[in-house]
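As a plain string of letters, each chain reads:
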Amino acid sequence: MANEVFKPGDVCLYSFGEENSSRAIVEIVRDLHDPRGVAEIKFLKVFVADTGNGLFDYLCRTGKTMNASFKYLQRWRGEG
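Residues numbered from 1 in each chain as written. Predicted model: local features only at pLDDT ≥ 70, side-chain atom pairs only at ≥ 80, totals over all residues. Heavy atoms only, no water.

Draft legend 1. Focus on the packing of aromatic side chains. A complete count under the given rule lists seven aromatic pairs for this structure. Ring geometry for Phe16 and Tyr72: centres 4.8 Å apart, planes at 55 degrees, overall tilted. With Phe16 in the loop between β1 (11-15) and β2 (23-31) and Tyr72 in the loop between β4 (65-69) and β5 (73-75), this residue pair connects regions lying 56 residues apart in the sequence. Taken individually, Phe16 and Tyr72 each receive the classification buried, so the pair is uniform in this respect. (Phe/Tyr/Trp six-rings, centres within 6.5 Å; stacked < 30°, edge-to-face > 60°. Helix = DSSP H or I, 4+ residues; strand = E, 2+ residues; numbered from the N terminus. Buried < 20%, exposed > 50% of the residue type's maximum accessible area, 1.4 Å probe, protein only.)

Draft legend 2. Highlighting the sheet that holds β4. Read across the open sheet, the five strands follow the order β4-β3-β2-β1-β5; overall the sheet is antiparallel. Lying at the two open borders of the sheet, with one neighbouring strand each, are β4 and β5. Sheet twist, expressed as the average angle between the axes of neighbouring strands with direction ignored, equals 50 degrees. Examined bridge by bridge, β2 and strand β3 (residues 38-48) share eight bridges and lie antiparallel to one another. Along β3, the bridge assignment pairs Glu27 with Lys42. Across the face of the sheet, helix α1 (residues 55-62) comes into contact with β1, β3 and β4 while running at roughly 100 degrees to β3. (Pairing = 2+ DSSP bridges. Axes fitted to C-alpha atoms, helices over the stretch in contact; angles between N-to-C directions. Contact = heavy atoms within 4.5 Å.)

Draft legend 3. Seen up close, the nonpolar core. Tyr14, Val26, Ile41, Phe43 and Leu73 are the most contacted members of the largest nonpolar core, which has 18 residues in total. The biggest single contributor to this core is β3, with four residues. (Core = buried A, V, L, I, M, F, W, Y, C linked by side-chain atoms within 4.5 Å.)

Draft legend 4. View of the pattern of salt bridges. Taken as a whole, this structure holds five salt bridges when the rule is applied. Of the charged contacts, one joins Lys7 and Asp10 as a salt bridge, the two residues approaching to 3.1 Å between their closest N and O atoms. With relative accessibility at 10%, the residue Asp10 sits in the buried group. When the shortest N-O distance is used, the salt bridge between Arg75 and Asp10 registers 2.7 Å. Taken together, the residues Arg75 in strand β5 and Asp10 in the segment before β1 connect sequence positions 65 residues apart. Taken together, the salt bridges that share partners define one network made up of Lys7, Asp10 and Arg75. (Salt bridge = Lys/Arg side-chain N within 4 Å of Asp/Glu carboxyl O.)

Structure, rendered in structure tokens:
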């Protein structure tokens, strides 16, 4: 949601809608204060990884982070 304010520690659904079937639960590590709206995220659970290269599963398994647009984040409410 574009108007939603996110902060470090927030748990969110990371998905791309119709663009890609990937879906994961992530935690915001930090706001990168980029005018485009970008955060560093850590993967907590991967439901579908449609990356073609296993990136989301790798990041979840290793605890490494990546950057993501706020455009693709929604506050996680616990439903599947």
